[in-house]
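# Structure at a glance
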Amino acid sequence: MEPSDHEEASVLYSPGREPKIVPHINANARKETRWTFWLITAGLSTTFGAAVPTGYNIGVINAPANFIKSWCNDTIYETYESVFSEGNLETFWSAVVSIFLVGGVIGSLGGAWVADRLGRKRSFLLCGFLLFVGGVCFQFCQTLSSVELLMAGRFLVGLAAGLTTSTVPMYLTELAPLGLRGALGVFCSMGVTGGVVVGQIISLEEIFGTEEHWQFALSFYVILVVIFFVPYPWLPESPKYLFVIRRRQDEAVNELKRVAGKKVRDEYVREQIDAMRRECTPENDEESCGDGQSTVQKPKERTIWSVLTDRTLLLPLVLVCALQGGQQLSGINAVFFYSVRIFESVGLSSTDAKFANLGAGCLNLFVAFFSPILMAKFNRRFLALLSCAMCALFLFCLTFIVFFIDDVEWFSYASIVAILLYILFYQIGLGPIPYFIGSELFEVGPRPAAMAMGSLASWGCNFIVAMLFTTLQSAWGAFVFLPFAFTCVALTVLLRIYLPETRGKHISQIVPLVAKGFSSKPLVP
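Please read these numbers as outputs of a predicted model, since none were measured by experiment.

Right, let's get into the overall build of the chain. Assigned secondary structure in the chain consists of 24 helices and two strands. Taken across its 525 residues, the chain has 59% of its residues classed as buried. Counting only contacts in the chain whose residues sit at least 6 apart along the sequence, the fraction spanning at least 24 positions is 80%. Taken as a whole, the chain presents about 21,500 Å² of accessible surface, with 64% of it coming from carbon and sulfur.

On to the side chain of Ser387. With respect to the helices and strands, Ser387 occurs in helix α19 (residues 380–403). A polar contact of 3.0 Å, which involves the side chain of Ser387, links it to the backbone nitrogen of Leu430. Discounting chain neighbours no more than four positions away, the residues touching Ser387 are Phe425, Tyr426, Ile428, Gly429 and Leu430.

Attention now goes to the packing of aromatic side chains. Under the criterion given, the structure shown has 24 aromatic pairs. Ring centres of Phe208 and Phe216 lie 5.9 Å apart, and the angle between their planes is 35°; this geometry places the pair in the tilted category. Three or more aromatic residues joined by ring pairs form one cluster here, namely Phe400, Phe403, Phe404, Trp410, Phe411 and Phe479. Across from the ring centre of Tyr232, 5.0 Å away, lies the NZ or CZ of Lys121, which sits over that ring.

Our focus in this paragraph is the environment of Leu89. As for its placement among the helices and strands, Leu89 is situated in helix α3 (residues 86–117). The class of Leu89 is buried, set by a relative accessible area of 15%. Along the sequence, Leu89 and Lys69 sit 20 residues apart, while their C-alpha atoms lie 7.4 Å from each other. Setting aside chain neighbours within four positions, we find Leu89 in contact with Lys69, Asn73 and Phe84.

A word on the nonpolar core. Ranked by size, the top nonpolar core spans 72 residues in total, and within it Leu319, Leu395, Leu398, Tyr422, Phe481 and Leu495 carry the most contacts. When near neighbours in sequence (up to four residues on either side) are disregarded, Leu395 contacts Ser330, Val335, Tyr422, Phe481, Phe484, Ala485 and Cys488. Leu101, Val114, Leu184 and Tyr221 belong to the second-largest nonpolar core, a separate cluster that totals 57 residues.

Where helix α2 (residues 65–80) meets helix α5 (residues 147–175), the axes come as close as 9 Å, and the angle between the chain directions of the two elements is 130°. Viewed along their axes, α2 and α5 adopt a mutual orientation that is oblique. Residues Ile68, Trp71, Cys72, Thr75, Ile76 and Tyr80 of α2 touch α5, and the partners they reach there are Val147, Glu148 and Leu150. Here the residues of the contact of α2 with α5 sort into seven nonpolar, one polar and one charged.

Analysis parameters
- Residues numbered from 1 in each chain as written.
- Predicted model: local features only at pLDDT ≥ 70, side-chain atom pairs only at ≥ 80, totals over all residues.
- Heavy atoms only, no water.
- Helix = DSSP H or I, 4+ residues; strand = E, 2+ residues; numbered from the N terminus.
- Buried < 20%, exposed > 50% of the residue type's maximum accessible area, 1.4 Å probe, protein only.
- Contact = heavy atoms within 4.5 Å.
- Areas by Shrake-Rupley, 256 points an atom, 1.4 Å probe, with all protein chains shown as cover.
- Polar contact = N/O pair within 3.5 Å; in protein donor to acceptor, adjacent residues only side chain to side chain.
- Phe/Tyr/Trp six-rings, centres within 6.5 Å; stacked < 30°, edge-to-face > 60°.
- Lys NZ or Arg CZ within 6 Å of the ring centre and 35° of its normal.
- Core = buried A, V, L, I, M, F, W, Y, C linked by side-chain atoms within 4.5 Å.
- Axes fitted to C-alpha atoms, helices over the stretch in contact; angles between N-to-C directions.
- Parallel < 35°, antiparallel > 145°, perpendicular 65-115°, else oblique.
- Nonpolar A, V, L, I, M, F, W, Y, C, P; charged D, E, K, R; others polar.

The analysis is restricted to geometry; functional conclusions fall outside its scope.
Here is the structure:
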C-alpha cells in the first residue's frame, strides 16, 4: 500500500529529550523517483569500487588456502628459521583469516567519525585507498617473501570492509529520493554478495587458485577499484551531510539539484531545503541554520557515546544492531560451509561438490539482483519477518534432515532443497535489509554513529561465528544449526513487536514510533 501525500512533521533529536515534532513540512519527495545519471553513477561506482571488493575478499581466501598455508610455512622457516607444527600452522592461518574480521570491527568503529569528519563521499575514497594498498600488499607478498605483507593486506582490506558497510549504504540512501531509497540502499548488499561469488570463481584452480598464481587471485579485485574510481572526482556529496552537518547551504542546494537531474521540480527542491533546515539544530533554531544563503559555524555531529546514552535512540539502535548481528548469526556462512559435505552425500565428487556449492552462491546472487524490485514493491517489515521466520523453519528442517541423512536415502536430496530454500528466503530480507535499515530509522545527526554500531555488530558476530563454528560443528554435528535457528526465531519476535514500516515514509513519521524505548508501539497507526 502506497502512502498518501500529506503534510508531515519534522522530528528533531536532542540528547536526553523526547523527539521534537515540527509540523507543516509537505512531503511530496517520493514523487521524485527518477533514476538520474548521478544516482546511477554513484550507485555503480560505490558498488563495484567498494562493496564488490569487500565481498571478494570474503570469498577468495578459501579455495587457495592450502597453497597459501604451505607458502607461509616455507617463508617463515626461511626468514626466521622457525618450524611450525601442524597445529601451530593452523593457528597462524586462523590469524591470517580472522585479522580481516578484526579490521572490519575497527573500521566499523571508525565509520561514524570518518563519515562526519571526511564526509560521505571522501569516506568512499578512503575505502578505495585502503583496498588499493591492501591489493598491492597481496600482489607483492610472495615476490618479497613477506608473510607480514600478507597479514597487513588482510588487515587493510578488513578496515576498508568495515568502513564500506557502515558508510556506503548511508551515502547512497542520503543521495536517493524517498521513492528510490530502498532500491539504492540494497546496492551495497548486492555488491558484497556478488563479490563473494566472483572471489570464489577467480580463486578456482582453473583460474588463479594455484600454487604459482594465488597472489593474483588475492589482488585481482584492484582492477575494479581502479576502474570504478575514475568518476570519483565528479560524484556528488550527500546534500544532507553538507546542509545539516557541515552547514554549507549553497553547496548542498547545488548538489541536490545535480543529483535530482535537470527535470527536478522547484517545489521538490524547496521542500528538501525546508526539511534539511529544520534538522540543523536540536532546538530548531532556524536563525542559526540560515536562510539558505549563509553558512554557520557549528556542525551538528553526534558521537557514538551520545547516541548510546540517548534513551530516545535505544530501540532503533537495538533494531539496527539486532538486524546486522542477526544477519551473521542467522547461519548463512554455516550453511555454505556444510553444503559441500551435503552435496558429496548425494554422490558428487569433491570437485563437483565445490562447483555445486558455487552454484548455491550464484543462486544467492541471482535472488539478490531482485532486491531493488522487492524493496520498491513490498514493505520492509513484511520481507524481514518472512525472511527470518522461513530461515528459522528451514534451519530446523536442515538439523533434522542432516541428523538422519545416513538413515533415509532421499534425505540427501531433501537437504539440498532445504539449503536452496534457506538461501532464497535469506536473500529477500535478512540479506539486504540490515545494510540500509539504519538510514531509515535515524535522522542525519545520529545516523553515522548508528550505522557504525550496526556494522560493528555485524563484523563482531561474523568474528564469533568464524572462531566458534568449526569447534561447535565437530562437537554437535547436525545440531550446530540450532543456535542459528533460535537466533532467527528471536529476531522474528523482536521485529514482529518493534519494527515499524519504513518504506515510502519520511523520517518524521518513523521516529515517534520508536522513541519511547521498549515501551514504544510502532504498530499503532
